[in-house]
Structures are given as C-alpha cells and as structure tokens.
Amino acid sequence: MSAQIFETDATHPHLTRLIAELDAYQYPLYPPESFQGINITELDEGEITCFMAKVDDDWAGCACLYITRQGLAEMKRVYVNPLFRGQGIASLLIAAMEKKLKALGHRELFLETGVFQEKAITLYEKLGYSRTQAFGDYQQAPDPLSVYMMKAVA
C-alpha cells in the first residue's frame, strides 16, 4: 500500500473526522490548560493549507501548514490513524508541507507537540527538526508539557 497526498482546505469533511480522532487521542493525555489543539477553521489571521493522506479508499492521515500574518510558519494537526502507522505516511505529509513552504518562499517551519508524544518527537528529530524555545503566540505562556521544534527547510 502506498499513500497519496492531497492538498485540501480546512473544511474537508474527512479532515474534520481525522482531527476529531486526534483530539480524542490527545484529550486524556493533557490537562485542559495544556491542550494546544486548535480549530483550524477558526484561524482567521494568516493562511492555512491542509494535506490529507489516502490509502486505497481510506483517508489515513492529515497535517496542516499555518502561516501567520507575521510570516511564521507552523505545522499543525499532524495525525495518522493507528491502522496506517508505520507506513511512512506522517513523513509524506510533512514532506508535502515542507515543499509547499519552500514554494511560498519561507525558510523555517516550527511545531509544538506534547511531551507525551514520544513517537512524534522521535519522528520530527529523524526528519531534521530540533528543539527550540517557545515561538509565536506560545511565547506568551510557554507550557512545561509542550515541546517546541524548528527546522530550516530552505
């Protein structure tokens, strides 16, 4: 099986379902004040491009690239359904985001993830992301349960 990656908008119904799965997974891991999940359809200041992975007839994963009005690029809502993990789908989604980011002329991609997402952190490090300080809006109230990462993509 190989995944196909599609660019879509934030209102795609299967994207909404995948993000709901991600939220259901993350809610029990973190206290409410540390839950950083955002409703991507409510991001009105900036530009968002979403990507979805399809394996055969199944929507297997998603990721979104958010560029703030200040020009900061952030990876958001990366998720692969557990039935499809271990097939490189997250790497394909991240590569699609990085390619889009380069095409838009940006050089750095940031992300925030939780300390309990060990497999995600390992994947990000494998893909060249390194830990950094809180960035963007996270600087206002850095969370001890958050891990902040960045990669130069250009």
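Residues numbered from 1 in each chain as written. Predicted model: local features only at pLDDT ≥ 70, side-chain atom pairs only at ≥ 80, totals over all residues. Heavy atoms only, no water.

Per an unreviewed UniProt entry, the recorded name for the protein is GNAT family N-acetyltransferase, and the organism is Rahnella variigena.

Outline the overall build of the protein, listing residues and values.
Counting its regular elements, the protein contains three helices and seven strands. The linear arrangement of helices and strands in the protein, starting from the amino end, is β-α-β-β-β-α-β-α-β-β. Relative to the 2.2 N^0.38 estimate, which gives 15 Å for 154 residues, the radius of gyration of the protein is 14 Å and therefore close to what a compact globule would have. Oriented by its inertia axes, the alpha-carbon framework of the protein measures out at about 40 × 40 × 30 Å. The 154 residues of the protein split such that 45% are buried. Of the roughly 8500 Å² of accessible surface on the protein, 50% is carried by carbon and sulfur atoms. (Helix = DSSP H or I, 4+ residues; strand = E, 2+ residues; numbered from the N terminus. Rg over C-alpha atoms; globule rule 2.2 N^0.38 Å. Buried < 20%, exposed > 50% of the residue type's maximum accessible area, 1.4 Å probe, protein only. Areas by Shrake-Rupley, 256 points an atom, 1.4 Å probe, with all protein chains shown as cover.)

Quick one: what's the story with the environment of M97, residue by residue and with numbers?
In this structure, M97 sits in helix α2 (residues 89-103). A relative accessible area of 0% means that M97 is categorised as buried. Each C-alpha atom of the pair M97 and E47 lies 13 Å from the other, and the pair is 50 residues apart in sequence. Beyond its immediate chain neighbours, meaning those up to four positions away, M97 contacts F51, A63, C64, L65, M75 and V78. (Contact = heavy atoms within 4.5 Å.)

Provide a residue-level description of the sheet that holds strand β7 (residues 146-152), including the pertinent values.
Taken in spatial order, the seven strands of this open sheet run β1-β2-β3-β4-β5-β7-β6, and their pairing is mixed. The open sheet has two edge strands with one neighbour each: β1 (3-8) and β6 (130-131). Note: strand β4 (residues 73-80) against strand β5 (residues 108-114), two bridges, orientation parallel. Its bridge partner lying in β5, M75 is registered against L111. (Pairing = 2+ DSSP bridges.)

Can you tell me about the pattern of salt bridges, naming the residues and giving the values?
Under the criterion given, the structure shown has six salt bridges. Between E21 and R17 there is a salt bridge whose closest N-O contact spans 2.6 Å. One end of the pair is E21 and the other is R17, both in helix α1 (residues 13-26) and four residues apart, which spans about a single turn. With a relative accessible area of 33%, R17 lands in the partly exposed category. Taking the shortest distance from any N to any O, the salt bridge between E98 and K151 comes out at 3.1 Å. (Salt bridge = Lys/Arg side-chain N within 4 Å of Asp/Glu carboxyl O.)

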